[in-house]
Amino acid sequence: QQRGDGRWFGFNPSILALKRAKYLDRTQYHAQYYNNPNNPGEEAIASEYFQYYNREFVKKLDGVWCYNGKPLAVFAAIDFAFSVRKTADYTVLVVVGVDSDGSIYVLDVKRKRTNKTSEYYKLVYEAHLKWGFKRIRAEVTAGQSVIAERIRDDIRQDGLLLTVDSFRPTRSMGTKEERIHAALAPRYENRSIWHYYGGLCEELEQELIMQNPSHDDIKDALHQVVGIIKVPQKHNKKRRSTVIYNSRFGGVAA
């Protein structure tokens, strides 16, 4: 146990040190003796890579979402969960915006526990109306592909300009944790992902830091959406050209 002053007791420190030395995997050591499946000294993605933007600068200008006046291409992903048990994972929808420099802004995170297709679609529908993304990725298993198809049917009925990108990972892509780390770690280390302060971004950060988080649904949805983003092109101002008109016929002189 840990006292209020931060000191641990219940084991002799010398004996505990000997036991710790026998573990090649320190994560197993912390799980065995501290009931913590994570090694505090080893963060999956270091918190020093987290950086933040001011949500007040996210505004819609002439029908386009912008950050500090810079246009954003907006994308989304949804991670389905079937159970409504208190210990089950959540169904999570993540919306991101990417600017012409490749900076990715986590714009919105929504989550809930449900096993109803209508609730899945409601998450998608409301997020689409707000953010206007035209593509959303959904990682599907055999059962989840039915949900994705039902959402497509509802999208067609409501006339939404939205495409559902079904993604089915293969064994050759590695485990889910390996896929998530491969997709997100380089981007955080390159300082290309930005969070907003508070809210579910705090939950996202805990999932990213821990080796074995109790839930990984938010970072799972984030890794899915970065798989479909496309960096928008920079718009260069066109030069004004001098046009010489033919004085006799009114056409443009060659």
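Everything that follows concerns the structure shown earlier in this document.
Computed from a predicted structure; not experimentally measured.

(A) Inspection of the overall build of the protein at higher detail. Scanning the protein for helices and strands turns up seven helices and nine strands. Within the protein, the proportion of its 254 residues that are buried is 41%. If you take every contact in the protein between residues at least 6 apart in sequence, the share linking residues at least 24 apart comes to 64%. When the accessible area of the protein is evaluated, it comes to approximately 15800 Å², of which 49% is carbon and sulfur surface.

(B) Structural view of the packing of aromatic side chains. All chains considered together, the criterion is met by 10 aromatic pairs. Ring geometry for Tyr 53 versus Tyr 105: centroids 5.3 Å apart, planes at 90 degrees, classification edge-to-face. Pair noted here: Tyr 53 is in the loop between helix H2 (26-34) and strand S1 (58-61) and Tyr 105 is in strand S6 (residues 104-112), with a separation of 52 residues, a long-range link. An identical accessibility class is assigned to Tyr 53 and Tyr 105; each is buried. Between the aromatic rings of Phe 57 and Tyr 67, the centroid separation amounts to 6.3 Å while the plane-to-plane angle is 90 degrees, which identifies the pairing as edge-to-face. Taken together, the residues span a long stretch of sequence, with Phe 57 in the loop between H2 and S1 and Tyr 67 in strand S2 (residues 64-67) at a distance of 10 residues.

(C) Expanded view of unusual backbone geometry. Even without glycine at this site, Asp 62 takes up a positive phi of about 50 degrees. Within the secondary structure layout, Asp 62 lies in the loop between S1 and S2. A residue is classified by how much of its surface remains accessible, and Asp 62, at 83% relative accessible area, is exposed. Even without a glycine there, the phi angle at Arg 191 is positive, about 60 degrees. Take Arg 191: it is sitting in the loop between helix H5 (176-189) and strand S9 (193-194). For Arg 191, a relative accessible area of 39% corresponds to the partly exposed category.

(D) Summary view of the environment of Glu 56. Within the secondary structure, Glu 56 is located in the loop between H2 and S1. Look at Glu 56 and you get exposed, because its relative accessible area is 61%. Placed 12 residues apart in sequence, Glu 56 and Asn 68 show a C-alpha to C-alpha distance of 8.8 Å.

(E) Inspection of the packing of H5 against helix H7 (residues 217-225) at higher detail. Contact geometry of H5 with H7 gives a least axis separation of 9 Å together with a crossing angle of 70 degrees. Taken together, H5 and H7 sit at an angle that is classed as roughly perpendicular. Crossing of H5 over H7 shows left-handed handedness. Residues Lys 176, Glu 177, Arg 179, Ile 180, Ala 183, Leu 184 and Tyr 188 of H5 pack against Lys 219, Asp 220, Leu 222 and His 223 of H7. Per-class residue counts for the contact of H5 with H7 are five nonpolar, one polar and five charged.

(F) Structural context of the sheet that holds strand S3 (residues 70-71). Spatially, the three strands line up as an open sheet ordered S1-S2-S3, and their pairing is antiparallel. The strands lining the two open edges of the sheet, one partner per strand, are S1 and S3. Of the strand pairs in this sheet, S2 and S3 are connected by two bridges, and their pairing is antiparallel. When the sheet's bridge partners are listed, Cys 66 is paired in S3 with Pro 71.

(G) View of the pattern of salt bridges. Under the defined criterion, the tally for this structure stands at 13 salt bridges. Between Asp 101 and Lys 70 there is a salt bridge, with the nearest N and O atoms lying 2.2 Å from each other. Here Lys 70 lies in strand S3 and Asp 101 lies in the loop between strand S5 (91-98) and S6, a separation of 31 residues in the sequence. Judged by its relative accessible area of 47%, Asp 101 falls in the partly exposed class. Under the relative-accessibility criterion, Lys 70 is labelled partly exposed at 30%. Lys 176 is paired through a salt bridge with Asp 220; the nearest N and O atoms lie 3.9 Å apart. Within this pair, whereas Lys 176 is found in helix H5, its partner Asp 220 is found in helix H7, the two being separated by 44 residues in sequence. Members of the salt-bridge network, linked through shared partners, are Glu 149, Arg 152, Asp 153 and Arg 156.

What counts and what doesn't
- Residues numbered from 1 in each chain as written.
- Predicted model: local features only at pLDDT ≥ 70, side-chain atom pairs only at ≥ 80, totals over all residues.
- Heavy atoms only, no water.
- Helix = DSSP H or I, 4+ residues; strand = E, 2+ residues; numbered from the N terminus.
- Buried < 20%, exposed > 50% of the residue type's maximum accessible area, 1.4 Å probe, protein only.
- Contact = heavy atoms within 4.5 Å.
- Areas by Shrake-Rupley, 256 points an atom, 1.4 Å probe, with all protein chains shown as cover.
- Phe/Tyr/Trp six-rings, centres within 6.5 Å; stacked < 30°, edge-to-face > 60°.
- Axes fitted to C-alpha atoms, helices over the stretch in contact; angles between N-to-C directions.
- Parallel < 35°, antiparallel > 145°, perpendicular 65-115°, else oblique.
- Left-handed = near helix turned anticlockwise from the far one by under 90°.
- Nonpolar A, V, L, I, M, F, W, Y, C, P; charged D, E, K, R; others polar.
- Pairing = 2+ DSSP bridges.
- Salt bridge = Lys/Arg side-chain N within 4 Å of Asp/Glu carboxyl O.

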